[in-house]
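So the chains spell out like this:
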Amino acid sequence: MSTIPEGTVLGEGQSWNAQHGYVQTKGAMCDRPALLVAFAASGVSETLPWLKEQAANGVAVPPYATFRLWAAAKKLKTTPSPSKAPAPAVPNSPEAIKAEIARLQEAYKESLLSKVDRLKSEIEKMQQELAAAEKELKEITA
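Residues numbered from 1 in each chain as written. Predicted model: local features only at pLDDT ≥ 70, side-chain atom pairs only at ≥ 80, totals over all residues. Heavy atoms only, no water.

1. Digging into the overall build of the protein chain
What counts here: Put simply, DSSP H or I for four residues or longer makes a helix, DSSP E for two residues or longer makes a strand, and each gets a number counted from the N terminus. Think of it in three bands: residues with accessible area under 20% of the maximum for their type are buried, residues over 50% are exposed, and the middle band is partly exposed, with areas taken using a 1.4 Å probe on protein chains only. Contacts are assigned to residue pairs that have any heavy atoms within 4.5 Å of one another. Methods summary: accessible areas were calculated by the Shrake-Rupley approach with a probe of 1.4 Å, and residue burial reflects only the protein chains presented.
The number of helices and strands found in the protein chain is four helices and two strands. Taking all 142 residues of the protein chain together, the buried fraction comes to 18%. Sequence separation of 24 or more characterises 54% of the internal contacts of the protein chain that already satisfy a separation of 6 or more. Summed over its atoms, the accessible surface of the protein chain is roughly 10400 Å², and 59% of this surface lies on carbon and sulfur atoms.

The following block contains the structure:
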């Protein structure tokens, strides 16, 4: 188990994952779709090192167990297994490089669209809560 590094400032909904040594954020506060797309696009198979790297880069990541459940629900490969398939070739022609860039941009676009949808939903919910609270306040003060 590791101790929180000196000078680490935890934000709202964050805590130190002493078992794995990274700052974790409540799962509900993380961008689940974006994390899953980024993990799948990363090409790595081990979740913990990837998760710790994301946390070190300032990305809000959930507890390790939560992320493993998310990845399992999406049927993402989370542990290494020997593959009999040849490794994918690195794009070396301009067309192949352009196609790979387009594929990555599309994945990023989908991630952003998902985030926008989630945030719009949260805003709508908050606006409804605000309206209900204002109505209740108006009734109490009337």
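2. Considerations on the confidence of the model for the protein chain
Detailed conclusions should not be drawn from predicted coordinates in areas where pLDDT is low. Here is the rule: Every residue carries a pLDDT, the predictor's confidence in it, which falls somewhere between 0 and 100.
When pLDDT is averaged along the protein chain, the result is 84, and 88% of the positions lie at 70 or above. Looking over the protein chain, one finds the lowest element-wise mean pLDDT in helix α3 (residues 64–73), namely 84, and the highest in helix α4 (residues 94–141), namely 91.

3. Side note on the nonpolar core
The condition that has to hold: Each nonpolar core is a collection of buried residues, namely Ala, Val, Leu, Ile, Met, Phe, Trp, Tyr and Cys, held together in the definition by side-chain atoms within 4.5 Å.
Core analysis: the largest hydrophobic core is formed by 13 residues, its most contacted members being Y22, L35, W50, L51, V61, F67 and W70. Broken down by secondary-structure element, the contributors of at least two residues to this core are α1 (32–42), α2 (47–56) and α3. In terms of residue count, α3 provides more of this core than any other element does, four residues in total. Non-local contacts of F67, meaning those with residues more than four positions away in its chain, are made with L35, L36, F39, T47, W50, L51 and P62.

4. Let's talk about the pattern of salt bridges
Our working rule: The salt bridge criterion pairs a side-chain nitrogen of Lys or Arg with a carboxyl oxygen of Asp or Glu, the two atoms within 4 Å.
Scanning the model with the defined rule gives three salt bridges in all. Measuring nitrogen to oxygen at the nearest pair gives 2.7 Å for the salt bridge that ties R103 to E100. Taken together, the positions of R103 and E100, both in helix α4 and three residues apart, correspond to about one turn of that helix. We classify E100 as partly exposed; its relative accessible area is 29%.

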